[in-house]
Amino acid sequence: MDFNQVIFKDKTFSSLLEDIYKNANRKEKEIKSLIDQLKPMIQEPGDAMMLVPLLKEYMEIAVKNDEALIKMAGIVQRAMTNTQGEGDGGILSERDKELLFQEISGVKIEEPKQLNNG
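Source: prediction; values computed, not measured.

Visitor: Would you mind showing me how to read the overall build of the chain here?
Guide: Summing up its helical and strand segments, the chain has 3 helices and 2 strands in all. Starting at the N terminus and ending at the C terminus, the chain contains elements arranged as β-β-α-α-α. The burial tally for the chain puts 26% of its 118 residues in the buried class. Contacts in the chain between residues far apart in sequence, at least 24 positions, make up 62% of those at least 6 positions apart.

This is the structure we're talking about:
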């Protein structure tokens, strides 16, 4: 399997895997940083009850986006494996393209709700 084969636009399978890895590491650092920033704001249990849902929402968005990238990588890997040795020139079947576009359209880039510092 050629990990440097272009799968769409300028994206290769290798660069897709790298994006997944970088996203996971970046999100981990962002979440740790966000928790560190929020710790001083928690003075009583009610404060925590207000902040924890925001953290949960942020983490859920990050997980959903990573899951979508992982599903896309799985589709592309399966397509690359299935077409290895075939001479049709394309790496994705129509069904795989449909699944890939469904995943892409399902990814929503959302920003977590901002906290009011005042």
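Visitor: Just checking my understanding: could you explain the environment of isoleucine 75 for this structure?
Guide: Along the polypeptide, isoleucine 75 turns up in helix H2 (residues 45-83). Through-space distance from the C-alpha of isoleucine 75 to that of arginine 95 is 10.0 Å; in sequence the pair is 20 residues apart. Beyond its immediate sequence surroundings of up to four residues, isoleucine 75 is in contact with Asp96, Leu99, Leu100 and Glu103.

Criteria and cut-off values
Residues numbered from 1 in each chain as written. Predicted model: local features only at pLDDT ≥ 70, side-chain atom pairs only at ≥ 80, totals over all residues. Heavy atoms only, no water. Helix = DSSP H or I, 4+ residues; strand = E, 2+ residues; numbered from the N terminus. Buried < 20%, exposed > 50% of the residue type's maximum accessible area, 1.4 Å probe, protein only. Contact = heavy atoms within 4.5 Å.

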